[in-house]
Structure formats: C-alpha cells, structure tokens
Amino acid sequence: MKNDESIEDYLEAIHILAESGGDVHRAEVARRLGVSQPAVTKAVKRMCELGYIRMEGMHIYLTERGSERAAGVYDRHRDIREFLLRLGVDEKNAEDDACRIEHVIGEETYIAIKKFIGK
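Residues numbered from 1 in each chain as written. Predicted model: local features only at pLDDT ≥ 70, side-chain atom pairs only at ≥ 80, totals over all residues. Heavy atoms only, no water.

Thoughts on the pairing of strand β2 (residues 59–62)
No. 1: Of the strand pairs in this sheet, strand β1 (residues 53–56) and β2 are connected by four bridges, and their pairing is antiparallel. Residue pairing across strands places Ile 53 opposite Leu 62, the latter belonging to β2. (Pairing = 2+ DSSP bridges. Helix = DSSP H or I, 4+ residues; strand = E, 2+ residues; numbered from the N terminus.)

Thoughts on the packing of helix α4 (residues 64–86) against helix α5 (residues 91–101)
No. 1: Viewed as axis vectors pointing N to C, α4 and α5 meet at an angle of 140°, and their least axial separation amounts to 8 Å. Considering their axes alone, α4 and α5 lie oblique with respect to each other. Where α4 crosses over α5, the handedness of that crossing is right-handed. Each of His 77, Ile 80, Arg 81, Leu 84 and Leu 85 in α4 lies in contact with α5, whose residues at this interface are Glu 91, Ala 94, Glu 95, Asp 97, Ala 98, Cys 99 and Ile 101.
No. 2: For the contact of α4 with α5, the per-class residue count stands at seven nonpolar, one polar and four charged. (Axes fitted to C-alpha atoms, helices over the stretch in contact; angles between N-to-C directions. Parallel < 35°, antiparallel > 145°, perpendicular 65-115°, else oblique. Left-handed = near helix turned anticlockwise from the far one by under 90°. Contact = heavy atoms within 4.5 Å. Nonpolar A, V, L, I, M, F, W, Y, C, P; charged D, E, K, R; others polar.)

A short note on the side chain of His 103
No. 1: If you trace the backbone, His 103 turns up in the loop between α5 and α6 (107–117).
No. 2: For His 103, a relative accessible area of 12% puts it in the buried group.
No. 3: Within polar-contact distance, the side chain of His 103 engages the side chain of Asp 9 at 2.9 Å.
No. 4: Setting aside anything within four residues of it in sequence, one finds His 103 in contact with Glu 5, Glu 8 and Asp 9. (Buried < 20%, exposed > 50% of the residue type's maximum accessible area, 1.4 Å probe, protein only. Polar contact = N/O pair within 3.5 Å; in protein donor to acceptor, adjacent residues only side chain to side chain.)

With respect to the pattern of salt bridges
No. 1: Enumeration according to the criterion identifies eleven salt bridges in this entry.
No. 2: Salt-bridge contacts for Arg 81 lead to Glu 91; the nearest nitrogen and oxygen are separated by 3.4 Å. Taken together, the residues Arg 81 in helix α4 and Glu 91 in helix α5 connect sequence positions ten residues apart.
No. 3: For Glu 91, a relative accessible area of 54% gives the class exposed.
No. 4: A salt bridge links Arg 81 to Glu 95; the nearest nitrogen and oxygen atoms lie 2.9 Å apart. Of the two residues, Arg 81 sits in helix α4 while Glu 95 sits in helix α5, which places them 14 residues apart along the sequence. (Salt bridge = Lys/Arg side-chain N within 4 Å of Asp/Glu carboxyl O.)

Written out as structure tokens, the structure reads:
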C-alpha cells in the first residue's frame, strides 16, 4: 500500500508541474515532494515500468494511463481539501490531511464528500 501511495504522490506532483506549463524534470519533482533526486530516479523507473510515464531525454511525460491516474488522485485531493476547509479545518491542516486521506478513502465516502461539496 505504501508503495502505491508514493507512486500516487509522484504522479500527482508530475501532473501539477505539467499543468503549470513547461517541461517536467526530476529536479522539479524532487523539490515539490521534498525528496532526493535518487528517490525520484527510483520512482521514475517504477512509473515507467507501470506505464504511467515516459521519458524523453531529461523530460518526464505522463502517458494516457498515468494522466488518468494522476488526475483522479489530484481530484480526490482537491475535493477532500475543500470538504475539510468547509468543516472549518485551517488551510495547512486541510492540505496535509487531504494528502494522507486521498490514498485511503473508500469510494462510498468519497462519493458522499463530492455530493456534500456539490460535485
């Protein structure tokens, strides 16, 4: 489970970096996640094996499969964060908790949260 959570964090980071424009490189992913570049290199290898990303030189690109998974994780994160904020949780805690909850939340609970926030 922890490995899947880590991969989801990497996919989400790549997704966010790609959406902000420009090319995505390992160093940017490392900075965003607060991890070492060797950790990113190991994750990149695993994500390539899983078919989530492809490498072109130093550039990281999400595949269609990776993009779908990353977008799903990112949507869960944003929805859970919004839910927590509406409950009165401060921004820092809502962000931190959403990052953890997004990996373990059940589908029924997530659907209820989406309904609650009007999605």
